[in-house]
Structure formats: C-alpha cells, structure tokens
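Survey of secondary and tertiary structure
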Amino acid sequence: MSDIRLEPVPGGDPELKLALSASGLPTEDLESPGRSFFRAVSSDGGTIGYAGIEACGDAVLLRSMVILPEHRGRSLGRSLVQATLKAIDGSTPVFLATTTAAPFFEGCGFIVVERGDVPPAVLATRQLSGICPASATIMKLSRPPT
C-alpha cells in the first residue's frame, strides 16, 4: 500500500469542490451536517486526492472518492479506500453509490446490493434520494480490502 495520510478538510474546501467537480462527482451537499472529508496526502506532503464519509444512523456512506488526474494509474485509489475505511469503526456497515466505478470497488471488497437491502437511513441521504441517479449501483463492504 502506498503511504497515504488523511487530513480532515471542511466540506466547503475549494480544492475539494474543484477536484470533485472536475471528476463529475456531486458537490451539492458537501457542507451539510454529518459529513467528514479528507485530503489524501503523500509522504512528500502533496495532495493526491480526496475522500468522504457520511454518517447514516448505524451505517456509513463512503463518498466523494477521487484521485487527482496527475496521480491516477498508480494504484492510489485502493490505498485511499483502505485509509478511509480505517477512519470507520470496523463493525459499521459501509455503503456507497457509483455510476462508473463498480468494478474498482468490487476489487476493494464491496459487493452490489439491491436497494431493498440498504438501511433506510442510507437511502434517505441526499446522495441516494436525489443527487445520484436511480440507476446508480449501490454497494456494501463485504470484506476489508487486502
């Protein structure tokens, strides 16, 4: 695993918003309560990407995962997922929604789940109730990434 350190950033961080927007990821609800965002920093102090988590009752929504374009293709995405999951209690169910990255997240230990198998608090998030299209794939962490 690459050496990635996570530093908390506010949802209103302009660099976070720019990175997400440039990758086609939503930014509408970044400053709402219950969300935590992180800047992924390399050992030399440079920003590699961003990640976020959202508390959803007894579950967590993994969101806003992005590796900056100049750092892509180096397996840093998996390292970012691993580092972000360490910020979550290991017994907490973790979900995500994606329109393009299901194969990547399958390699990180997530499985596709039906909406009927997703806790109501997760479905009620702005991400799943309106921002992401109904066609988005919902996934649940089934095992820690290796």
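Let me begin by describing the structure that accompanies this report.

Criteria and thresholds
Residues numbered from 1 in each chain as written. Predicted model: local features only at pLDDT ≥ 70, side-chain atom pairs only at ≥ 80, totals over all residues. Heavy atoms only, no water. Helix = DSSP H or I, 4+ residues; strand = E, 2+ residues; numbered from the N terminus. Rg over C-alpha atoms; globule rule 2.2 N^0.38 Å. Buried < 20%, exposed > 50% of the residue type's maximum accessible area, 1.4 Å probe, protein only. Areas by Shrake-Rupley, 256 points an atom, 1.4 Å probe, with all protein chains shown as cover. Polar contact = N/O pair within 3.5 Å; in protein donor to acceptor, adjacent residues only side chain to side chain. Contact = heavy atoms within 4.5 Å. Core = buried A, V, L, I, M, F, W, Y, C linked by side-chain atoms within 4.5 Å.

1. Focus on the overall build of the protein
- Each helix and strand in the protein was counted, giving five helices and seven strands.
- Radius of gyration (C-alpha) of the protein: 14 Å, near the 15 Å computed for a compact globule of 146 residues.
- Taken along the three principal axes of its C-alpha coordinates, the protein extends 45 × 30 × 25 Å.
- Counting over 146 residues, the protein shows a buried share of 45%.
- Counting every atom, the protein has about 7,300 Å² of accessible surface; 53% of that belongs to carbon and sulfur.

2. Remarks on the environment of K86
- Here K86 lies in the loop between α2 (76-85) and β5 (94-98).
- In this structure the C-alpha to C-alpha distance between K86 and E7, which are 79 residues apart in sequence, comes to 13 Å.

3. Topic: the side chain of T98
- Along the polypeptide, T98 turns up in strand β5.
- In terms of polar contacts, T98 uses its side chain to reach the backbone amide nitrogen of A101, at 2.8 Å.
- The contact partners of T98, leaving out residues within four places of it in the chain, are A136, T137 and M139.

4. Some points on the side chain of E54
- Along the chain, E54 turns up in strand β3 (residues 47-56).
- In this structure E54 comes out as buried when scored by relative accessible area, which is 4%.
- Here R35 takes part through its side chain, which lies 3.2 Å from a polar atom of the side chain of E54.
- Contact partners of E54, with chain neighbours within four places excluded, come to D29, G34, R35, A59, V60, L61, R63, T125 and Q127.

5. Things to note about the nonpolar core
- If you look at the biggest cluster of nonpolar residues, it comprises 23 residues, and the most contacted ones within it are L62, M65, V81, F105 and F110.
- At the level of elements, β2 (35-41), β3, β4 (59-67), α2, β5 and α3 (102-106) are the ones that each hand at least two residues to this core.
- Looking at which element gives the most residues to this core, the answer is α2, with five residues.
- When near neighbours in sequence (up to four residues on either side) are disregarded, M65 contacts L25, Y50, A51, L80, V81, T84 and F105.

6. Overview of α2
- With nine of its 10 residues buried, α2 lies for the most part within the structure.
- Among the residues of α2, L76, G77, S79, L80, V81, Q82, A83, T84 and L85 are the ones counted as buried.

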